[in-house]
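Listed below, chain by chain, are the residues.
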Amino acid sequence: MLWFASPLAGYLCDRFGCRLTTLLGGLLCMVSLVATSFVQSLNLMYVTHSLGLGLGACFIYNSCYLVIGQYFHQRLSTATGIVALGASLGVLYNGPLLQMLLDSLGWRASLRSMTAAYGLICILSLAFNPNVEKKETTDSNLQNAEKADEEEGKKGISLYCSVWTFPTFTTVVISLVFGSFGMYIPYIILVSLSLS
């Protein structure tokens, strides 16, 4: 779900700004974690945790990358690398931290305590300046594509879904979907190996 709702996240960032999209994503994650901590059914947990948390994380993740382009014009690659490093460091410390929370609090209280991190994200999202000037694009292909979309009458979310008409983009996205199925298998194998 983290990537599936990216067109919606892009639309919300353009329509309402990265600040409100990140704030909405953080609030959605908080509500999802609290709701998951109270559920009694595994099927309902799939909805509250997977759907809710995935959608909120998608809003946060995409808007954090999109806001970089508004703030950094000359050192955009470096800034993007630093943001990607932050996500990687989060994965690195997340496992031991969650295990500590599970051992000391149990899974329901651990989910509730994780809402503090998303509360911090909500507070930090308010630091995004909505009045930052957007960089003027010099790519004539992008400008021509936007003009063609306007001429065809595409508005709103249909404009963002039109990216699926580009074969290269579609191929990359489908490849990432299939690659993601195997991405987390090493985590599962490492846990089983460490227990034996």
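The shown structure was predicted, so the numbers you read here are calculated from the model rather than taken from an experiment.

Criteria and cut-off values
- Residues numbered from 1 in each chain as written.
- Predicted model: local features only at pLDDT ≥ 70, side-chain atom pairs only at ≥ 80, totals over all residues.
- Heavy atoms only, no water.
- pLDDT = per-residue confidence, 0-100.
- Helix = DSSP H or I, 4+ residues; strand = E, 2+ residues; numbered from the N terminus.
- Contact = heavy atoms within 4.5 Å.
- Buried < 20%, exposed > 50% of the residue type's maximum accessible area, 1.4 Å probe, protein only.
- Core = buried A, V, L, I, M, F, W, Y, C linked by side-chain atoms within 4.5 Å.
- Axes fitted to C-alpha atoms, helices over the stretch in contact; angles between N-to-C directions.
- Parallel < 35°, antiparallel > 145°, perpendicular 65-115°, else oblique.
- Nonpolar A, V, L, I, M, F, W, Y, C, P; charged D, E, K, R; others polar.

On average, residues of the protein chain carry a pLDDT of 81, and 81% of them reach 70 or more. Across the protein chain, the secondary-structure element scoring lowest on mean pLDDT is helix 6 (residues 140-152), at 53, and the one scoring highest is helix 2 (residues 18-38), at 94.

A word on the side chain of Ser-32. By secondary structure assignment, the location of Ser-32 is in helix 2. In this structure Ser-32 touches Thr-48, His-49, Gly-52 and Leu-53, once residues within four positions along its chain are discounted.

Right, let's get into the side chain of Thr-22. Tracing the backbone through its elements, the reader meets Thr-22 in helix 2. Residue class for Thr-22 comes out buried when judged on its relative accessible area of 2%. Every residue in contact with Thr-22, bar those within four places of it in the chain, is listed here: Ile-60, Ser-63, Ile-121, Ser-125 and Phe-128.

This brings us to the nonpolar core. Membership of the largest hydrophobic core is limited to six residues, which are Cys-29, Leu-33, Leu-53, Ile-60, Leu-111 and Tyr-118. Looking at this core, the elements with two or more residues in it are helix 2, helix 3 (42-71) and helix 5 (107-125). What Tyr-118 contacts, discounting residues up to four positions off in sequence, is Gly-26, Cys-29, Met-30, Leu-33, Leu-53 and Ile-60. Core analysis: the second largest hydrophobic core is formed by five residues, Ala-5, Ala-9, Cys-58 and Phe-59 among them.

Axis separation between helix 2 and helix 5 bottoms out at 8 Å; the angle between their running directions is 170°. Relative to helix 5, the element helix 2 is oriented roughly antiparallel. Mapping the contact onto sequence places Arg-19, Thr-22, Leu-23, Gly-26, Leu-27, Cys-29, Met-30, Leu-33, Val-34, Thr-36, Ser-37 and Phe-38 in helix 2 and Trp-107, Arg-108, Leu-111, Arg-112, Met-114, Thr-115, Tyr-118, Gly-119, Ile-121, Cys-122 and Ser-125 in helix 5. Taken together, the residues of the contact of helix 2 with helix 5 sort by class into 13 nonpolar, seven polar and three charged.

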